[in-house]
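Survey of secondary and tertiary structure
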Amino acid sequence: MVAVAGDVFSEGTLQRRTAQAAEFARRNPTVVVSASVLLAMALMATFATHLAPDPMALNPAVRLKPPCMMEAVGFEFTTSCMGWFGTDHLGRDVYARTVYGARISLTVGLAVAALSTAFGLLIGLLAGYVRLFDAIVMRVMDGLMAIPSILLAIALMALFGSSVQNVIIAISIPEIPRVVRLVRAVVLTIREMPYVEAAVSSGTRLPKILFRHILPNTFAPLMVQATYVCAAAVIVEALLSFLGAGTPPEIPSWGNMMAEGRVYFQIKSWMLFYPGVCLALMVLMVNLLGDGLRDTLDPRIARRMR
Amino acid sequence: MYAYVMRRIVATIPVMAVVGIFVFLLLHLTPGDPAAIIAGDYASPADIEKIRARLGLDQPVHVQFARWVSHLAQGDLGVSIFSNLPVSKLIGQRLEPTLALCVLTTILSIVIAVPLGVFAAWRAGTLVDRATMVFAVLGFSVPIFVIGYILMYVFAIELRWFPAQGYKPIGDGFFPFLRSIVLPSLALATLYTALIARISRASVLEVLTEDYIRTAQAKGLSSPVVLMRHALKNAAVPIVTIIGIGIALLIGGVVVTESVFNIPGLGRLTVDAILHRDYPVIQAIILVFSGVYVFINLIADLTYTLFDPRIRY
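Here, residues in each chain are numbered from 1, in the same order as that chain's written sequence. Both sets of labels track the order of writing: A upward for chains, 1 upward for ligands. Given that the model is predicted, a residue must reach a pLDDT of at least 70 before its local features are reported, and side-chain atom pairs must reach 80 or more before they are shown or counted; all residues, however, enter totals for whole chains, interfaces and linings. Only heavy atoms go into the side-chain values, all of them from the structure, while hydrogens and water stay out.

Right, let's get into the overall build of chain B. The number of helices and strands found in chain B is 13 helices and zero strands. Helix numbers and strand numbers start at the N terminus; a helix is a DSSP run of H or I with at least 4 residues, a strand a run of E with at least 2. The helix and strand sequence of chain B, counted from the amino end, reads α-α-α-α-α-α-α-α-α-α-α-α-α. Over its C-alpha atoms, taken along the principal directions, chain B stretches across nearly 80 × 55 × 35 Å. A simple rule labels every residue: compare its accessible area, found with a 1.4 Å probe on the protein chains alone, to the largest value its type can have, and call it buried under 20%, exposed over 50%, or partly exposed in between. Sorting the 313 residues of chain B into buried and exposed places 48% on the buried side. Contacts are residue-level and defined by heavy atoms, with any inter-residue pair within 4.5 Å sufficient. Considering only residue pairs separated by 6 or more positions, chain B has 71% of its internal contacts joining residues 24 or more positions apart. For every accessible area listed, the method is Shrake-Rupley and the probe measures 1.4 Å; residues are considered covered only by the protein chains on display. Counting only carbon and sulfur atoms, one obtains 68% of the accessible surface of chain B, whose full area is about 14,900 Å². Each charge class in chain B can be summarised by its mean position, and for the 23 positive and 18 negative side chains these summaries are 9 Å apart. The sign given to each residue is positive for Lys and Arg and negative for Asp and Glu; His and the chain ends receive no count. Just so you know, the charge point we use is NZ for Lys, CZ for Arg, CG for Asp and CD for Glu.

What follows is the structure in structure tokens.
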């Protein structure tokens, strides 16, 4: 699988590469579309300072002003509109806060994906290859997986106290067992392969077998899993913040914005609407990217799942 | 068969033991003084000492653990720090709304998702099938609280068909009760339905290629009979498995849904306990929910033989 991925970028003229890229895009439209949308979101988050006004700026004079975007499409309001997405109960610009909120969601999503994949990979590799370690670790993992992940994350946050760093840790811990299981399953099949037996019988040391012969085979399924973990992490972060046990309330994150918008929802729905839609869009794109990657990297699973 | 049932029941013991140890150790593994963590940021040293003494945190960890386990064995889940009531009583008070929500959600999800999945598999590649798959991806991606607010906006605020918030106990009459949990159940059911529909479709699609399906069609059975009696029954094991695993999502979703719709159930109890750092309550809720999850998956495992007599233990 890794070899196939390498072939796409093999030696060739610029023209041929462009043609190959076009062919890839034609065959995998979901990957291209979702990756582009996510890239655009990432760029917006990165250059938020240039794209939006100060998300913290209080302006009590313009509290709860309706969004001009809605007025532009024909909604009628009793007061004049202010900003694309309106203003919140403290007169802060909802558009600015939504753009800055993408930073938190992306940071948490990527960090959790990286952290849980790294730890899951390490534990899974060892569990798949070392019998004694396997017996103990898998019992612990089974126990951890019996605790609903959102509940575990909430409990961890109650103990850790709210900060972005703690949110990342609290979401990563429940995700690790799922990665461990996946990696272990791959290792258990690969270790029976003749080439691994050959390596063992020719006296290759354990670390080399693990990292040179087994590790590369886990990359494709891990990449797919990492995208799903990322999607779950984005949801859970918003949810923790929404419940008041996540990102500190002064930081503009989508969950925090929705928590603040709850009280005003029945009359001023925009405070909750825009962060909610952005959240759903981001998670949808990450999930679609995951589905696309799965189909691209492993056509066998794709046929079964479709 | 009997031996298998016993083996499967015994297998849940280490799982629950790990859950118990983990829940107990959580407080002790967290960096910092456990009593200070529970007391919160604004507690005086005297408050911290009081909590330490009340929870027995001044004793060695193994003594604390032994005491905690022996209390659990007697059905004593501890006493809430915030309200001073026994946790089992708190859970008992909050059980009805959560149970009602979960039961209605599960029924709705299965009744919608399984036929949808079967139909999509039968008509694979058509518009209905594509629509089902789009719905499944959307159901996974749109967070429950976003769906909850959309439903609330459309059906409670604009159309006024259902109350926007709150819960009516079943004792106050069945229809007010049902009206108060329809929207939250629908919100909660989206994710669960998407999950079950996706697996049902995949599972039935695989079975439909089997020879006995062709035989059934060839001998002139109608499509509904072939689909329901031959295809669905053979595809049931993965579907039942995912219904069991999905309970974890349901439990997580309940916490959120109850906050969105302001329903005084176990989910709200959890959130309140966290905001008050009421650790005995948090511990008990995790234990109870995990126990329910393990139990339902045990039941799901044991039903496999009902659907597929080829499975012998």
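On we go from here.
With that settled, consider the packing of aromatic side chains. Each aromatic ring pair is specified by the distance between its two centres and by the angle formed by the two planes. All names here are of chain B. Each Phe, Tyr or Trp ring (for Trp, its six-membered ring) is paired with any other whose centre lies within 6.5 Å, and the angle between the two planes then decides the class: stacked below 30 degrees, edge-to-face above 60, tilted in between. Going through the model one piece at a time under the given rule, you end up with 11 aromatic pairs over all chains. Where Phe119 meets Trp122, the ring centres are 5.8 Å apart and the plane angle is 70 degrees; that geometry is what we call edge-to-face. Of the two residues, Phe119 and Trp122 are both situated in helix H5 (residues 87–122); the distance of three residues between them amounts to about one turn of the helix. Given the relative accessible area of 36%, Phe119 is considered partly exposed. Their ring planes at 75 degrees and their centres at 5.9 Å tell us that Phe174 and Phe175 sit as a pair that is edge-to-face.

Reading predicted coordinates in detail is not appropriate for stretches of low pLDDT. Of all residues in chain B, 98% attain a pLDDT of 70 or more, and the chain-wide mean is 86. Considering each helix and strand of chain B separately, the mean pLDDT is smallest for helix H2 (residues 34–39) of chain B, with a value of 75, and largest for H5 of chain B, with 92. Per residue, pLDDT captures the predictor's confidence, and it can take any value from 0 to 100.

As a further point, take a nonpolar patch on the surface. Residues and elements named next belong to chain A. Surface patches are drawn from residues lacking salt bridges whose relative accessible area is over 30%; two like charges belong together within 9 Å, two nonpolar side chains (Val, Leu, Ile, Met, Phe, Trp, Tyr) within 5 Å. In the sections that follow, a salt bridge refers to a side-chain nitrogen of Lys or Arg positioned within 4 Å of a carboxyl oxygen of Asp or Glu. On the surface, Leu122, Leu126, Val130, Phe133, Leu206 and Phe211 cluster together into a nonpolar patch covering about 470 Å² of accessible area. Where the nonpolar patch is concerned, the elements lending two or more residues are helix H6 (94–129) and helix H11 (206–243). Mapping Leu126 onto the fold places it in helix H6. By relative accessible area, which is 31% here, Leu126 ends up partly exposed.

The interface of chain B with chain A comprises 48 residues on the first partner and 44 residues on the second. Buried surface at the junction of chain B and chain A, summed over both partners, amounts to about 3,800 Å²; 78% is from carbon and sulfur atoms. Where chain B touches chain A, the interface holds one salt bridge. Salt-bridge contacts for Arg198 of chain B lead to Asp291 of chain A; the nearest nitrogen and oxygen are separated by 3.5 Å. Think of a polar contact as two N or O atoms within 3.5 Å of one another; within protein, one of them needs to be a possible hydrogen donor and the other a possible acceptor, and neighboring residues in sequence only count if both atoms come from side chains. Put simply, chain B and chain A have four residue pairs in polar contact (both at pLDDT 80 or more) between them. Mapped by element, the contributors of at least two residues to the side of chain B that touches chain A are helix H1 (2–29), helix H6 (127–141), helix H7 (144–158), helix H8 (174–207), helix H10 (223–261), helix H11 (266–275) and helix H12 (279–302) of chain B. When its residues are assigned to classes, the side of chain B that touches chain A shows 37 nonpolar, seven polar and four charged. Here the quantity called buried area is the total loss of accessible area, with a 1.4 Å probe, experienced by two parts when brought into contact, counted for both. Residue classes follow a fixed rule: Ala, Val, Leu, Ile, Met, Phe, Trp, Tyr, Cys and Pro count as nonpolar, while Asp, Glu, Lys and Arg count as charged, and any other residue, Gly among them, counts as polar.

Let us now look at helix H3 (residues 45–54) of chain B. Residues and elements named next belong to chain B. Among the residues of H3, those classed as buried are Ile48, Ile51 and Arg52. One side of H3 holds all its buried residues, which, seen down the axis, span an arc of 100 degrees. Those residues of H3 that are exposed and aimed more than 90 degrees away from the buried face are Ala46 and Lys50. Those residues of H3 that are buried lie in contact with H2. Arc, as used here, means the arc of the directions from the helix axis to the C-beta atoms.

Attention shifts here to the side chain of Ser180 of chain B. Residues and elements named next belong to chain B. By the element assignment, Ser180 lies in helix H8. Classification of Ser180 by relative accessible area gives buried; the value is 4%. With near-sequence residues (within four places) excluded, Ser180 lies in contact with Pro163, Gly166, Tyr167 and Lys168.

Core analysis: the largest hydrophobic core is formed by 172 residues, its most contacted members being Leu279 and Met282 of chain A together with Phe145 of chain B. Here this core gets 20 residues from one element, more than from any other, and that element is H11 of chain A. Discounting residues that sit within four places of it in the chain, Leu279 of chain A has contacts with Val234, Ala238, Trp254 and Met258 of chain A together with Pro143, Phe145 and Val146 of chain B. Working definition of a nonpolar core: buried Ala, Val, Leu, Ile, Met, Phe, Trp, Tyr and Cys residues. They are joined through side-chain atoms within 4.5 Å. Val137, Met138, Ile176 and Val180 of chain A belong to the second largest nonpolar core, which has six residues in total.

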